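# Notes for the structure review
So the chains spell out like this:
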Amino acid sequence: MTMPALDAGGSNAALISRAKAIQYSVAAVTVILVAMPLIPILYQSLLSKPIYDDAAVFTFANFTRLFSNPKFYEALWNSVLLSTVTTIIAGIVGITTAVFIGRTNLPFKRVFGEVVLWPMYISHLVLAFGWFIMYGPSGYVTLLVKGLIGTDPWNLYSIAGMALVAGAAQAPMVHLFCASSVARADASLEDAARTIGAGPFTVLRRVTIPLMRPAIIYSAMLNFIGCLEMLSVPLILGSPVGKDFFTTFLYLEGYSGSSPDYGLIGAAAFFLLVLISILIFFQNKLLKNAGRFVTVKGKATRPKLFNLGKYKYVVAGVLCVYFFFTLFVTVGGLGLRSVTTFLTPLLSPWELLTTDNFALIFEYDAYKRSISNSLIVASVGAAIAVLFVGLLTVVIHRSGFKFRKGLEFVALYPRAVPGIVAGIGFFWGMLLFPFLDPLHGTIWILILAFTMRTIPTAFGAISPALMQLSKDLDQSARSIGADWWTTVRKVVLPLLKPALFGAYVMLFLSFLKEYASAAFLFSSGSEIIGTTMLQFWVNGDTGPVSALAVLQIIITIGFVTFARKMLGVKAYG
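Residues numbered from 1 in each chain as written. Predicted model: local features only at pLDDT ≥ 70, side-chain atom pairs only at ≥ 80, totals over all residues. Heavy atoms only, no water.

## Section: the overall build of the protein chain
Short version of the rule: Helix and strand assignments come from DSSP, with helices taken as H or I runs of at least 4 residues and strands as E runs of at least 2, each series counted from the N terminus. Note on method: radius of gyration uses C-alpha positions; expected globular size equals 2.2 Å times residues raised to 0.38. A 1.4 Å probe rolled over the protein chains alone gives each residue an accessible area, and that area as a share of the maximum for its type sets the label: buried under 20%, exposed over 50%, partly exposed in between. The method behind every accessible area is Shrake-Rupley, applied with a 1.4 Å probe, and residues are considered shielded solely by the protein chains displayed. Neither His nor the chain ends is counted toward charge; the positive residues are Lys and Arg and the negative residues Asp and Glu. Where a charge lies is defined by one atom per residue type, namely NZ (Lys), CZ (Arg), CG (Asp) and CD (Glu).
Looking only at helices and strands, the protein chain has 25 helices and zero strands in total. By the compact-globule yardstick of 25 Å for 573 residues, the protein chain fits well, its C-alpha radius of gyration being 25 Å. The 573 residues of the protein chain split such that 51% are buried. Carbon and sulfur atoms make up 67% of the accessible area of the protein chain, which totals about 25700 Å². With 42 positive and 25 negative side-chain charges, the protein chain shows a separation of 16 Å between the mean positions of the two kinds.

Take a look at the structure:
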């Protein structure tokens, strides 16, 4: 018996048309959503005047001015240097924690396995504020140590200082990629090394870690790209000493400048897009031969734990010290600053206690609105985005749509679009495309921008689950007369519920933390927590910044706890 084609489940033309109409509609929305910020950026980079000026003519002068601007090369050099050092620090920390937590007899592994991922849940903007308040030039810990030794103990405004902050924030991502890789290491290769006399550390160094190369390369490239597009750390720690980075250059020229140079910003944003696209291309090239590192085969092998012997408590102590100074001190400092008039080691915090910072937040409508808007954007926006990407994933993997390969490339391209570039693009898009004008000043333009940015994240979360579903299920439904859409609605999507919930959790946290793209899109009435924190920061109000940061952390903890109870997800094991 010949099974009907994927799209031809129904016997009449109306059913065929419904499937094609849905598939082409999803494809059209995806292409429009991804192209919406990119077209204005390319268009503006080639215009002699602002995008809204009818007198503008096409020119390449913007690129000439960009490449002859000394600030461009300084920003490029600082960005590349910061990204390189950050990638190294995050790699060392992430690989080390993955190996020790995943493959050794380290005590308290479950606790370490949970704590190591906490920075991933918290906004980089909040972490940067925490580091500044505790380890900045006037930070609590800095002044405490300076009082003891008589000189500045460190310089958080240096490239090394900023890389330490960014590296600590991005290390959990390396850990996540490497932890699953190290857990699946080929035990037979390790046993072979042991039979010729190799000790535990030699086996780790010569066998286990080299087998993790695909995970290390992938996470390193993600970290490098993530740092290249990072705004928080360069803005909080680099701008006070006049250090230019690519993102701060775009932010300060486009947002804080009294007369933004649209052409120069467009050329710089386009250059950054091209640079990150090239990096992603090389990332895919580097992983092309990942098959030689395959360690999970038909014959099941269970890797043994490495015995650390008497050093296991030493390693546990080192990890405790690391987490204490990079996570608990910084987050605790934010909490302390939020309930004090100021923070100094010269006076006891008990003498400076106040509720004014929180009172200020809940006194003004704009500040209260930023919290409620963040919750609406995160909860409603993430739900809309997950439903859309769920449908998009089905069209790509479970239909006979003619252009599904090209559609997958388009869906994954937002990986190359930094948040700040997306914000600029959507802002100019509202000037260029009249149909976007009604969204100006509403939270819907934020949801649109955040959705575009997170399509690859949701796609990556849903695709593996979809590919595990046998296509026999589709064919069984169609054999009894169901068309493509009925099969998707009644069979495929219900079976994808766990993956859809998982994607919703990821997108909720991403939407809640996002601030870079929102900086260009918000206005009175559509503020979110991140943009309000940036405004307080510009005015030097660290107390309200800390109060808002604490509220965002409380919302995050509450949601993560709820989601884990609902889904039964464990960070470790």
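## Some points on empty space enclosed by the protein
Unfilled space is identified by rolling a water-sized probe across the atoms. This is how the line gets drawn: Here the term cavity refers to a set of points on a 1 Å grid, laid over the protein atoms alone, in which a 1.4 Å probe fits but cannot get out; the term pocket refers to an open set having protein on both sides within 12 Å along at least five of seven lines, with lining residues being those that place an atom within 4 Å of a point. Grid points are joined across faces, edges and corners, and a volume is the space filled by probe spheres set on the points. Gly is put with the polar residues, along with every residue not named as nonpolar or charged; the nonpolar set is Ala, Val, Leu, Ile, Met, Phe, Trp, Tyr, Cys and Pro, and the charged set is Asp, Glu, Lys and Arg.
Evaluated as defined, the whole model comprises two cavities of 30 Å³ or more. In this structure, the largest cavity spans a volume of roughly 120 Å³. What lines the largest cavity is a set of 16 residues, among which Pro119, Ala168, Ala169, Tyr322 and Thr326 lie closest to the centre. Breaking the lining of the largest cavity down by element, the ones donating at least two residues are helix H3 (70-103), helix H6 (124-135), helix H8 (159-183) and helix H15 (312-338). The residue makeup of the lining of the largest cavity, split by class, is 12 nonpolar, four polar and no charged. In this structure, the second largest cavity occupies an estimated 40 Å³ of space. Lining the second largest cavity are Ser79, Leu82, Ser83, Cys227, Leu228, Met230, Pro234, Phe245 and Thr247. Those elements giving two or more residues to the lining of the second largest cavity turn out to be H3 and helix H11 (213-228). Per element, the largest residue contribution to the lining of the second largest cavity is three residues, and it comes from H3. Residue composition of the lining of the second largest cavity, grouped by class: six nonpolar, three polar and no charged.

## Some words on the UniProt feature "domain: ABC transmembrane type-1" (unreviewed entry) in the protein chain
To keep it simple, the criterion reads: UniProt positions are given in the numbering used here, feature names are shortened, and annotations may be inferred rather than shown by experiment.
Listed under "domain: ABC transmembrane type-1" (unreviewed entry) in the UniProt record, and renumbered for this structure, are residues 76-283 and 371-563. Helix makes up 75% of residues 371-563 and strand 0%, whereas the separation of the span's terminal C-alpha atoms amounts to 20 Å.

## Remarks on the packing of aromatic side chains
Two descriptors summarise a pair of aromatic rings, namely the distance from one centre to the other and the angle between the planes of the rings. Just so we agree on the cut-off: In this analysis, rings of Phe, Tyr and Trp, with Trp reduced to its six-membered ring, are considered paired at centre separations within 6.5 Å, and the interplanar angle assigns stacked below 30 degrees, edge-to-face beyond 60, and tilted for intermediate values.
All chains considered together, the criterion is met by 32 aromatic pairs. With 5.9 Å between their ring centres and 65 degrees between their planes, Tyr43 and Phe58 make a pair best called edge-to-face. Of this pair, Tyr43 sits in helix H1 (residues 13-45) while Phe58 sits in the loop between H1 and helix H2 (61-67), placing them 15 residues apart in sequence. Using a relative accessible area of 60% as the deciding quantity, one classes Phe58 as exposed. Both rings, one in Tyr251 and one in Phe520, keep their centres 6.3 Å apart while their planes meet at 85 degrees; by these two values the pair is edge-to-face. Remark: Phe520 occurs in the loop between helix H23 (497-513) and helix H24 (529-538) and Tyr251 occurs in helix H13 (residues 246-256); sequence separation between them is 269 residues. Each member of the pair Tyr251 and Phe520 is classed as buried. A network of ring pairs unites the aromatic residues Phe63, Phe67, Phe72, Tyr73, Phe246, Phe270 and Phe271 as a single cluster.

## Focus on a nonpolar patch on the surface
Under the convention used in this document: Distance thresholds for patches are 9 Å for like charges and 5 Å for nonpolar side chains (Val, Leu, Ile, Met, Phe, Trp, Tyr), applied to residues having over 30% relative accessible area and no salt bridge. The working definition used for a salt bridge is a side-chain nitrogen of Lys or Arg within 4 Å of a carboxyl oxygen of Asp or Glu.
Taken together, the side chains of Trp118, Val321, Phe324, Phe325 and Phe328 make up a nonpolar region of the molecular surface, amounting to roughly 480 Å² of accessible area. Top contributing element to the nonpolar patch by residue count: H15, with four residues. Mapped onto the secondary structure, Phe328 falls in helix H15.

## Observations regarding the environment of Ala28
Within the secondary structure, Ala28 is located in helix H1. Using a relative accessible area of 36% as the deciding quantity, one classes Ala28 as partly exposed. As a C-alpha pair, Ala28 and Thr247 span 219 residues in sequence and 30 Å in three-dimensional space.

## So, the packing of H3 against H8
Put simply, the rule is: To define axes, lines are fitted to C-alpha atoms, for helices over the stretch in contact only, and angles between the resulting N-to-C directions are given on a 0 to 180 degree scale. Any angle from 65 to 115 degrees is called roughly perpendicular, while one under 35 is roughly parallel, one over 145 is roughly antiparallel, and all others are oblique. By definition, turning the near helix anticlockwise from the far helix through less than a right angle yields a left-handed crossing, and turning it clockwise yields a right-handed one.
Viewed as axis vectors pointing N to C, H3 and H8 meet at an angle of 40 degrees, and their least axial separation amounts to 5 Å. Viewed along their axes, H3 and H8 adopt a mutual orientation that is oblique. Like other packed secondary-structure pairs, H3 and H8 cross with a definite hand, here right-handed. Residue composition of the contact of H3 with H8, by class: 21 nonpolar, eight polar and one charged.

## A few points about the pattern of salt bridges
Counted according to the given criterion, the structure contains eight salt bridges. Here Asp365 ties to Lys368 by a salt bridge, and the two come within 3.6 Å at their closest N and O atoms. Separated by three residues within a single helix, Asp365 and Lys368 lie in helix H17 (residues 365-397), roughly one turn from each other. Residues Glu514 and Arg453 are paired through a salt bridge, measuring 3.7 Å at the closest nitrogen-oxygen approach. Placement of the pair is Glu514 in the loop between H23 and H24 and Arg453 in helix H20 (residues 443-468), with a sequence separation of 61 residues. Like Arg453, Glu514 is buried.

## A few points about the nonpolar core
Quick reminder of the rule: The set of buried Ala, Val, Leu, Ile, Met, Phe, Trp, Tyr and Cys residues whose side-chain atoms join them within 4.5 Å is what this entry labels a nonpolar core. The contact definition used throughout considers only heavy atoms, calling two residues in contact when any of these lie within 4.5 Å.
If you look at the biggest cluster of nonpolar residues, it comprises 162 residues, and the most contacted ones within it are Leu106, Leu237, Leu250, Val421 and Leu496. With 13 residues, the single largest contributor to this core is H17. When residues no more than four places from it in sequence are discounted, the contact partners of Leu237 are Phe132, Leu156, Tyr157, Met162 and Val165. Counting 17 residues, the second largest nonpolar core, distinct from the first, contains Val93, Val203, Val207 and Leu211.

## Describing the packing of helix H22 (residues 484-495) against H23
Taken N-terminus to C-terminus, the directions of H22 and H23 make an angle of 60 degrees; their axes are 5 Å apart at the nearest point. As the angle between them shows, H22 and H23 are arranged oblique. Contacts between H22 and H23 involve Leu493, Pro494 and Leu495 from the former and Lys497, Pro498 and Leu500 from the latter. Across the contact of H22 with H23, the residue classes break down as five nonpolar, no polar and one charged.

## Some words on the environment of Thr340
Relative to the assigned elements, Thr340 resides in the loop between H15 and helix H16 (356-363). In contact with Thr340, not counting residues within four places along its chain, are Pro349, Leu352, Leu353, Thr354 and Asn357.

## Regarding the side chain of Ser463
Our working definition: Pairing of N or O atoms within 3.5 Å defines a polar contact, subject to two protein rules: one partner must be a possible hydrogen donor and the other a possible acceptor, and residues neighboring in sequence count only if both atoms are side-chain atoms.
Structurally, Ser463 is set in helix H20. You can call Ser463 buried: its relative accessible area is 6%. A polar contact of 3.3 Å, which involves the side chain of Ser463, links it to the side chain of His397. Those residues in contact with Ser463 that sit more than four places away from it in its chain are Thr393 and His397.

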